[in-house]
Amino acid sequence: MGTVAVTHEPLIIPEYDEWIGRSSSYSDVRSTVRAVMAAPLLIGRRLVGAIASVHSDPARQFGADDLRLLNLFAPQAAIAIENARLYTEAQRQKEYFETVVVNSPVAIVTLETNGRITSFNPAFEKLFGYSQAEGIGRDLDELINTDETQAEAKAYTSQATHRTARGIGKRRRKDGSLLDVELAGVPVAVEGKNVGIMALYHDVTDLLSAKSEAESANQAKSRFLANMSHELRTPLNAIIGYSEMLKEDAEENGDTQYIADLGKIRSSGKHLLALINDVLDLSKIEAGKMELYIETFDLRSTIDDVVMTVEPLLAQNGNQLQVNCAPNLGAMRADMIKVRQTLLNLLSNASKFTDQGIVRLNVTREHSLEHDGDEYVFSISDTGIGMTPEQQAKLFEAFSQAEASTTRRFGGTGLGLAITRRFCEMMGGRIDVQSEHGRGSTFTIRLPATVGEETASDVAVAPAVTASTSSSSAGRVLVIDDEASVRSIMRRFLVREGLTVDEAATGEAGLRMARESRPDAITLDVMMPGMDGWAVLSAIKADPELSDIPVIMLTIVDDKRMGFALGASEYLTKPIDREQLRRVLMKYRLDESGGSVLVVEDDPAASELLRRTLESEGWRVTVARNGREALAQMDREEPAIILLDLMMPEMDGFEFLSEIRALPRASTVPVVVVTAKELTADERKQLNGQVTTVLQKGNHSRDELLSEIASQLGNRFKRTAQNVETH
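Small disclaimer: the values here were computed from a predicted structure and weren't measured. (Residues numbered from 1 in each chain as written. Predicted model: local features only at pLDDT ≥ 70, side-chain atom pairs only at ≥ 80, totals over all residues. Heavy atoms only, no water.)

1. Description of the overall build of the chain
- Across its full length, the chain holds 24 helices and 25 strands.
- Put simply, the chain has 727 residues, and 47% of those count as buried.
- Split by element, the accessible area of the chain, about 36400 Å² in all, is 51% carbon and sulfur. (Helix = DSSP H or I, 4+ residues; strand = E, 2+ residues; numbered from the N terminus. Buried < 20%, exposed > 50% of the residue type's maximum accessible area, 1.4 Å probe, protein only. Areas by Shrake-Rupley, 256 points an atom, 1.4 Å probe, with all protein chains shown as cover.)

2. Quick word on the sheet that holds strand E3 (residues 46-55)
- Across the sheet, which stays open at both edges, the three strands sit in the order E1-E2-E3 with antiparallel pairing between neighbours. Edge positions in the sheet fall to strand E1 (11-13) and E3, since each of these pairs with one other strand and no more. The average angle at which neighbouring strand axes cross in this sheet is 15°, direction not considered.
- Two strands pair when backbone bridges link them, and E1 and strand E2 (residues 35-43) are joined in this way by three bridges, in the antiparallel orientation. Bridge assignment links Leu11 to a residue of E2, and that residue is Ala38.
- Contacting E1, E2 and E3, helix H2 (residues 64-103) crosses the sheet at an angle of about 45° to E2. (Pairing = 2+ DSSP bridges. Axes fitted to C-alpha atoms, helices over the stretch in contact; angles between N-to-C directions. Contact = heavy atoms within 4.5 Å.)

3. Some remarks on the environment of Leu207
- Position of Leu207 relative to the elements: it lies in helix H7 (residues 205-253).
- Sequence-wise, Leu207 and Val181 are 26 residues apart; in three dimensions their C-alpha atoms are separated by 9.9 Å.

4. Considering unusual backbone geometry
- Positive phi values are uncommon outside glycine, yet Glu191 reaches one of about 50°.
- In this structure, Arg518 takes a positive phi of about 45° despite not being glycine.
- Checked against the element boundaries, Arg518 lands in the loop between helix H16 (507-517) and strand E18 (521-525).

5. Details of the pairing of strand E7 (residues 178-190)
- Pairing of strand E6 (residues 165-172) with E7, which is carried by eight bridges, proceeds in the antiparallel orientation. Bridging from a neighbouring strand, Arg171 pairs with Leu179 of E7.
- Hairpin connection of E6 to E7: five residues between the antiparallel strands, including Gly176 at a positive phi of 90°.
- Looking at chain direction, E7 and strand E8 (residues 193-203) are connected through 10 bridges and run antiparallel. The residue bridging Val188 from the neighbouring strand is Gly196, located in E8.
- Linking two consecutive strands that pair antiparallel, namely E7 and E8, is a turn of two residues; a positive phi of about 50° is found at Glu191 within it.

6. Looking at the pairing of strand E5 (residues 117-120)
- Summarising the sheet, strand E4 (residues 107-111) and E5 pair through three bridges and their orientation is antiparallel. Bridging from a neighbouring strand, Thr110 pairs with Ser119 of E5.
- With antiparallel pairing between neighbouring strands as the criterion, E4 and E5 make up a hairpin whose turn holds five residues, including Gly115 at a positive phi of roughly 95°.

7. Some thoughts on the side chain of Asn319
- Counting through the fold element by element, Asn319 comes out in the loop between helix H9 (299-316) and strand E10 (320-325).
- Residue Asn319 is classed as buried on the basis of its relative accessible area, which comes to 10%.
- A polar contact is formed between the side chain of Asn319 and the backbone oxygen of Ser351, at a distance of 3.2 Å.
- Excluding residues that lie within four positions of it along the chain, Asn319 makes contacts with Leu314, Ser351, Thr354, Asp355, Gln356 and Gly357. (Polar contact = N/O pair within 3.5 Å; in protein donor to acceptor, adjacent residues only side chain to side chain.)

8. Focus on the pattern of salt bridges
- Taken as a whole and assessed by the stated rule, the structure comprises 26 salt bridges.
- Here Arg85 and Glu82 are joined by a salt bridge, their closest N and O atoms 2.7 Å apart. You can see Arg85 and its partner Glu82 sitting in helix H2, three residues apart, about one turn around the helix.
- The class of Glu82 is buried, set by a relative accessible area of 9%.
- Across the pair Asp305 and Arg340 runs a salt bridge whose closest N-O atoms are separated by 2.6 Å. Highlighted residues: Asp305 in helix H9 and Arg340 in helix H10 (residues 336-352), separated in sequence by 35 residues. Residue Asp305 shares its accessibility class with Arg340, and that shared class is buried. (Salt bridge = Lys/Arg side-chain N within 4 Å of Asp/Glu carboxyl O.)

9. Regarding the packing of aromatic side chains
- A full pass over the atoms with the stated rule returns five aromatic pairs.
- Here a set of aromatic residues connected by ring pairs shows up, and it is made of Phe120, Phe124, Phe128 and Tyr201.
- Sitting over the face of the ring of Phe423, Lys338 holds its NZ or CZ atom 5.3 Å from the ring centroid. (Phe/Tyr/Trp six-rings, centres within 6.5 Å; stacked < 30°, edge-to-face > 60°. Lys NZ or Arg CZ within 6 Å of the ring centre and 35° of its normal.)

10. Some details on the packing of H10 against helix H13 (residues 416-426)
- Contact geometry for H10 and H13: axes closest at 9 Å, N-to-C directions at 145°. For the crossing formed where H10 meets H13, the hand is left-handed. Where H10 abuts H13, its residues Lys338, Gln341, Thr342, Asn345, Leu346 and Asn349 lie against Gly416, Leu417, Ile419, Thr420, Phe423, Cys424 and Met426.
- Grouping the amino acids of the contact of H10 with H13 by side-chain chemistry returns six nonpolar, six polar and one charged. (Left-handed = near helix turned anticlockwise from the far one by under 90°. Nonpolar A, V, L, I, M, F, W, Y, C, P; charged D, E, K, R; others polar.)

11. Concerning the sheet that holds E8
- Ordered by their spatial adjacency, five strands build an open sheet running E5-E4-E8-E7-E6, and the pairing between neighbours is antiparallel. Two strands in the sheet have a free side with no partner beyond their single neighbour: E5 and E6. Between one strand axis and the next, the sheet turns by 30° as a mean value, whatever way the strands run.
- One ladder, built from five bridges, connects E4 with E8; its direction is antiparallel. Opposite Ala107, over in E8, you have Tyr201 as the bridge partner.

Structure follows, in structure tokens:
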């Protein structure tokens, strides 16, 4: 039979004992078996078995007629065997699936296409409380829904008659209580025809409750971080500020014995502030609340600022800093504060772990296949103590330094590198390290030239931009700036790029010209006498005929911070740098005798510090503890400038700013935001108002401005390789 199964051909063996293919397995029947006849059992070409006939009569011989008869029976036997197999398999599968359904922890119910229940498993009975007798034959949607959820449930059932339906909703138990379920409805088809529905329900009440609690915890953590940022930095503002003032007083009075101690207080306050900033940054990262604030900035200027900041640290250990920046750096579009902080962290570390050595900073701009465009490569190397492979393995772990002896010798929390790596990853880059113990270390940061919002091929700060040859195809730009030199420079390179340029020296004139010429874009200075940029912007956005014109704000900013150019005129961060505050106030001094300042601050120590600082500069100072008091003060006297904290009781800084910008008489009063609060992206937008973009006056390049105007005009002029080479 084995031969027949292999060949699929019938076979007659006249003398089995003499057959060469006989099997030793049948040696015990050789005396009783003389002749054998066998045939395959086939259904089509598929073998389902074999059939054989044997006899022991020496006089009997199998012939063609015998084989023909066997072949007539074989197909019937094959079909009978296959049917028996299929029946057995069907019974096995039926039993298998019935066991699965019965024992499933998920509630399963089968329905007719009209939604009537035909069966359900014990899990359904347990979940909803209905017995088989109470449920079978009932409309499922009416059985387990309230009036409020009925329409939603019927929509799911209707969808499930032809395709899978999924959702989450509330359903009613027999006792009237409600539970949250994840549900799915699946059409059941037989021979291509939908004959019913299988519905599944899973209780997710506890899961949704846990999710809600987790979201509440995250929100609470976010509020806690915001409050801690304010509460920790506010007293530090007083510690650092008063130590500076007392040190100045001691120097003026000749009390030299206190100068060194006061300097130590200030230094310790600065050190504590740095630690607080690191802990808060790491906490925000872990909570998923750290945000990127993408802006375009001149990278070389940022590097120069970093170098100036780190020079005192280098001098402490007698180190030399060598800076090598490629000439084609141009402008970068990223989070400037985070780029700056990563460089400061690495340069500070290099200086700390190097004594009487050399620290090198190399910066290049290269094409990157990984970022599908340009990337910046920052390399910070030193000739310091270096690291072993074991130390490098845990280098970027939070609260971890290379080893305990390093911490004892050099101090630090081990947060700087962990934060640096997180910042690099957030901006789509990475940081690598190479080091040899006793021979120094090299850290390499790679960051895309344009982070987040655009691909590298759409960089708005390309090396050069060319204009169309026709002014009519390039567009018209209105330049509003009170400085004649700025207007002259803007005109020169905008005209050179094929743009038609109109100029206005005041906000009032700019509005008039905007209504007359309807420019394609407007560049608007923030700080102007009379009607400032914010007032002009408000008027433009309030005019239906002008509101769609893109406005590019140009503002003077402090290089050390980034939330500037807000709906406020300036933005300072606590603890306040007194020299920075003095410079800001000088811009708003009306005459040599100063002017009136309204300080809106709820912290008594902070407001007293500001009052003393301002009065020493000749300003008249009025203090309000919240926005509501400040509005009342402004009814009595309109100040020349307002210093505004954001986090206050009753009426906070955001509400106050919104209130005064709605008052015609107060809409032009300069407001300097002074806060310890970390602003979110939404809060920046709330302060920004309807600004297309913000560029830093004195810090933006010609190409950057042209690129921004080009994007606002619908990219009416294109970059060319020739222009890149000639500009």
